[in-house]
Amino acid sequence: MPEIRWLGVTDSTNTQALALARAGAEAGTAVVADHQTAGRGRLDRVWLDEPGASLLASVVLRPEGGPDAAALAVMATSVAAVDACWEVGGLRPGIKWPNDLVVDDRKLAGVLAESLVEGGRVAAVVVGLGLNLRWAPEGAVALDELVAPGREPVGRDELLHAWLAGVEATTAWAADVLLDRYRSRCATIGRAVSVTTAEVTWRGRAETVDASGALVVEVVGGARRVVRVGDVVHLRGDGDNG
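Since the structure is predicted, the reported quantities are computational estimates derived from the model, not experimental observations.

Draft legend 1. Quick peek at the pairing of strand S8 (residues 192-196). The buried fraction of S8 is high, at 4 of 5 residues. Of the strand pairs in this sheet, S8 and strand S9 (residues 201-209) are connected by 5 bridges, and their pairing is antiparallel. Note on S9: the bridge partner recorded for Thr 196 is Thr 201. Here S8 folds back onto S9, and the loop between the two strands holds 4 residues.

Draft legend 2. Looking closely at the state of the cysteines. According to the stated counting rule, one finds 0 disulfides in the structure shown. Between Cys 186, a free cysteine, and Cys 85, which holds the nearest cysteine sulfur, the sulfur-to-sulfur gap is 16 Å. When its relative accessible area of 9% is taken as the criterion, Cys 186 is described as buried.

Draft legend 3. Main features of the sheet that holds strand S1 (residues 4-10). Read from one edge of the open sheet, 7 strands run S1-S2-S3-S7-S6-S5-S4, paired in mixed fashion. Every interior strand has two partners, whereas the edge strands, S1 and strand S4 (94-96), have only one. Between one strand axis and the next, the sheet turns through 25° on average, direction left out of account. As defined by bridge partners, strand S3 (residues 54-61) adjoins strand S7 (residues 121-132) across 8 bridges and the pair is classed as antiparallel. Looking at S7, one finds that Leu 55 is bridged to Leu 131. Sheet strands in contact with helix H3 (residues 156-170) are S1, strand S2 (30-36), S3 and S7, and its direction is about 25° off that of S3.

Draft legend 4. Focus on the sheet that holds strand S12 (residues 231-234). Taking strand neighbours across the sheet as the criterion, the 5 strands line up as S11-S10-S9-S8-S12 in an open arrangement whose pairing is antiparallel. Across the chains shown, the open sheet's two edge strands, defined by having one partner strand only, are strand S11 (224-227) and S12. On average, adjacent strands in this sheet sit at an angle of 45° to one another, irrespective of strand direction. By the bridge criterion, 4 bridges tie strand S10 (residues 215-218) to S11 in an arrangement that is antiparallel. Among the inter-strand pairings, Leu 215 is bridged to a residue of S11, identified as Val 227.

Draft legend 5. Summary view of the packing of aromatic side chains. This model, assessed by the stated rule, comprises 0 aromatic pairs. Sitting over the face of the ring of Trp 86, Arg 92 holds its NZ or CZ atom 4.4 Å from the ring centroid. Seen from the ring of Trp 202, Arg 225 lies directly overhead, with NZ or CZ sitting 4.5 Å from the centre.

Draft legend 6. Region of interest: unusual backbone geometry. Here the residue pair Trp 97 and Pro 98 is connected by a cis peptide bond, since its omega of 5° sits within 30 degrees of zero. Looking at the element boundaries, Pro 98 is found in the loop between S4 and strand S5 (100-103). Even without a glycine there, the phi angle at Asp 104 is positive, about 50°. Examined against the element boundaries, Asp 104 turns out to sit in the loop between S5 and strand S6 (106-118). A positive phi is found at Asp 105, a non-glycine position, where the angle reads about 65°.

Draft legend 7. Representation of the environment of Ala 169 within the structure. On the secondary structure map, Ala 169 appears in helix H3. You can call Ala 169 partly exposed: its relative accessible area is 38%. Sequence separation of Ala 169 and Ile 95 is 74 residues, and the distance between their C-alpha atoms is 18 Å.

Draft legend 8. Broad picture of the pattern of salt bridges. Per the counting criterion, the structure on display carries 10 salt bridges. Measuring nitrogen to oxygen at the nearest pair gives 3.5 Å for the salt bridge that ties Asp 157 to Arg 156. When its relative accessible area of 37% is taken as the criterion, Asp 157 is described as partly exposed. For Arg 183, the salt bridge is made with Asp 180, and the minimal N-O distance between the two is 3.8 Å. Here Arg 183 pairs with Asp 180, and both are found in helix H4 (residues 175-185), just 3 residues apart, close to one helical turn. Taking the relative accessible area as the measure of exposure, Arg 183 reaches 28% and is therefore partly exposed. The exposure class of Asp 180 is partly exposed, given its relative accessible area of 49%.

Criteria and thresholds
- Residues numbered from 1 in each chain as written.
- Predicted model: local features only at pLDDT ≥ 70, side-chain atom pairs only at ≥ 80, totals over all residues.
- Heavy atoms only, no water.
- Buried < 20%, exposed > 50% of the residue type's maximum accessible area, 1.4 Å probe, protein only.
- Helix = DSSP H or I, 4+ residues; strand = E, 2+ residues; numbered from the N terminus.
- Pairing = 2+ DSSP bridges.
- Disulfide = S-S within 2.5 Å.
- Axes fitted to C-alpha atoms, helices over the stretch in contact; angles between N-to-C directions.
- Contact = heavy atoms within 4.5 Å.
- Phe/Tyr/Trp six-rings, centres within 6.5 Å; stacked < 30°, edge-to-face > 60°.
- Lys NZ or Arg CZ within 6 Å of the ring centre and 35° of its normal.
- Salt bridge = Lys/Arg side-chain N within 4 Å of Asp/Glu carboxyl O.

Structure, rendered in structure tokens:
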């Protein structure tokens, strides 16, 4: 059975899990911490937490195939996180492309994937999940704020095990099944969005997520752009349904 390594305080669970992956850790190996001193998110952002108030965990994946297989494996971890929130907390957040969890556009969880490349191929992918349980920074939301009245507070360990079990299941799904499940949980599809890439910021409407995990956005005049890397913001107004 894959190892779960429990830490009190660490720099980053992703950093520790990457070290384990380099040392040959099997798929499903996880690192969990009470607090991170150097937590990080996508696009070089900082991830903040209060000690003991978040689920901070990273898992080692070993997808077989090229970059598309790695991207699908990361998508699977977000689907698993949504389903774990439903199973344990009775709440089903949406996925903000590519992988964050949101409720009414407030961030519940961040997902950061980092690849370990050896010999020109992706040898492993480490996916870190930071989920606000009892505390959230301004503008975000914590799971305990959202559970139905009368329900017990969500247990971190229970949520962790539900997520890891879900990761094991979802990463084994066929690609078309995973994509269907991801799209059905994606809060970005159908939304008016602002997209910022390294070169420019532009607006459009998110149409779908393609087979590689990229976001397809319709822009003015019916043209479509495919976004593989970028920062997406959900917009309100302009006929948006969100």
